[in-house]
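Results of the structural survey
Chain by chain, the residues:
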Amino acid sequence: DRSLPLDTTPYSLSTVIMSAKKGAKIFKTKCSQCHTVEQGGPHKQGPNLHGLIGRTAGSTAGFSFSAANKSSGIVWTTDVLDAYLVNPKKYIPGTKMVFAGLKKPKDRANIIAYLESATA
C-alpha cells in the first residue's frame, strides 16, 4: 500500500523538526551526483527535481524515465516522498533509481524540507 510509509517508525512529518540546512548537506552527499534542483538545471543520471512537489512521477520533459515511473500514477507530495525515500526500488518496482534509500526518518524529513525550498 503506497499510502503507508514502508518503515514502522512511529512518527509523522508534521511532528518531526525539519531542517532544510541539514537536508541540503544530505542532498549534496547522497543525491547531487544524480540530481539537480535549480530551475532549468540539467538532467544527470536522474532528472532535474525543480518543481518536484505536486508533479506526477515520470513526467519531467527531456528525461528518459522507466516505464514503472511513468505508469505509477504517483504525485509527489511530502508524505509520498517520505515513503519513497525509505526504499525507492521497493516503492516503485522497476524504477531505474539505484539509490538504496534513507532509513532514518529525521534524514528523510530534512531532505524533504530542503527539496520543498530548493525545488519550488
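Aromatic rings in a pair are described by how distant their centres are and how their planes are angled relative to each other. Under the definition given, this model contains four aromatic pairs. Look at Phe-63 and Phe-65: their rings are 4.8 Å apart centre to centre, the planes differ by 70°, and that puts the pair in the edge-to-face class. Considered together, Phe-63 and Phe-65 belong to a single accessibility category, that of buried residues. Relative to Tyr-84, the ring of Trp-76 has its centre 4.8 Å away and its plane inclined at 65°; by these criteria the two rings are edge-to-face. A relative accessible area of 7% means that Trp-76 is categorised as buried. In this structure an aromatic cluster arises from ring pairing among Trp-76, Tyr-84 and Tyr-91.

With that out of the way, let us pick up the layout of surface pockets. Space inside the largest pocket adds up to approximately 570 Å³. Along the walls of the largest pocket sit 31 residues, with His-35, Gly-46, Pro-47, Tyr-84 and Met-97 positioned nearest its centre. When residues of the lining of the largest pocket are traced back to their parent elements, those giving at least two are helix H1 (20–30), helix H3 (78–84) and helix H5 (105–118). Tallied by class, residues from the lining of the largest pocket come to 18 nonpolar, ten polar and three charged.

Together, Lys-21, Lys-22, Lys-25 and Lys-106 line one region of the surface with positive charge. The leading source of residues in the positive patch is H1, at three residues. Along the chain, the position of Lys-21 falls in helix H1. With a relative accessible area of 66%, Lys-21 lands in the exposed category.

Formed by 23 residues in total, the largest nonpolar core has its most connected members in Phe-27, Ile-74, Trp-76, Tyr-91, Ile-92, Ile-111 and Leu-115. Listed by contribution, the elements that provide at least two residues to this core are H1, H3 and H5.

Moving on, we get to the confidence of the model for the protein. Low pLDDT means the predicted atomic positions in that stretch should not be read closely. Residues at a pLDDT of 70 or more form 87% of the protein, whose mean pLDDT is 89. A low-confidence stretch, residues 1–10 stays under pLDDT 50, and its non-local contacts, those more than four residues away or across chains, total 17 contacts.

By the definition in use, this model includes one salt bridge. Close ionic contact of Arg-108 with Asp-82 constitutes a salt bridge, the shortest N to O distance being 2.9 Å. In this pair, Arg-108 sits in helix H5 while Asp-82 sits in helix H3, placing the two residues 26 residues apart along the sequence. No difference in accessibility class separates Arg-108 from Asp-82, as the two residues are buried.

Turning our eyes to something else, we now look at the packing of H1 against H5. Axis separation between H1 and H5 bottoms out at 7 Å; the angle between their running directions is 95°. Here H5 runs roughly perpendicular to H1, going by the angle between their axes. When H1 is examined against H5, the residues Ala-20, Lys-22, Gly-23, Ala-24, Ile-26 and Phe-27 are found in contact with a partner set consisting of Asp-107, Asn-110, Ile-111, Ala-113, Tyr-114, Leu-115 and Ser-117. When grouped by side-chain class, the residues that make up the contact of H1 with H5 number eight nonpolar, three polar and two charged.

Definitions and limits used
Residues numbered from 1 in each chain as written. Predicted model: local features only at pLDDT ≥ 70, side-chain atom pairs only at ≥ 80, totals over all residues. Heavy atoms only, no water. Phe/Tyr/Trp six-rings, centres within 6.5 Å; stacked < 30°, edge-to-face > 60°. Buried < 20%, exposed > 50% of the residue type's maximum accessible area, 1.4 Å probe, protein only. 1 Å grid on protein atoms, 1.4 Å probe; cavity = no way out; pocket = protein on both sides within 12 Å on 5 of 7 lines; lining within 4 Å. Points joined across faces, edges and corners; volume = space filled by probe spheres on them. Helix = DSSP H or I, 4+ residues; strand = E, 2+ residues; numbered from the N terminus. Nonpolar A, V, L, I, M, F, W, Y, C, P; charged D, E, K, R; others polar. Patch = residues over 30% accessible without salt bridge, like charges linked within 9 Å, V, L, I, M, F, W, Y side chains within 5 Å. Areas by Shrake-Rupley, 256 points an atom, 1.4 Å probe, with all protein chains shown as cover. Salt bridge = Lys/Arg side-chain N within 4 Å of Asp/Glu carboxyl O. Lys, Arg positive; Asp, Glu negative; His and termini not counted. Charge placed at Lys NZ, Arg CZ, Asp CG, Glu CD. Core = buried A, V, L, I, M, F, W, Y, C linked by side-chain atoms within 4.5 Å. pLDDT = per-residue confidence, 0-100. Contact = heavy atoms within 4.5 Å. Axes fitted to C-alpha atoms, helices over the stretch in contact; angles between N-to-C directions. Parallel < 35°, antiparallel > 145°, perpendicular 65-115°, else oblique.

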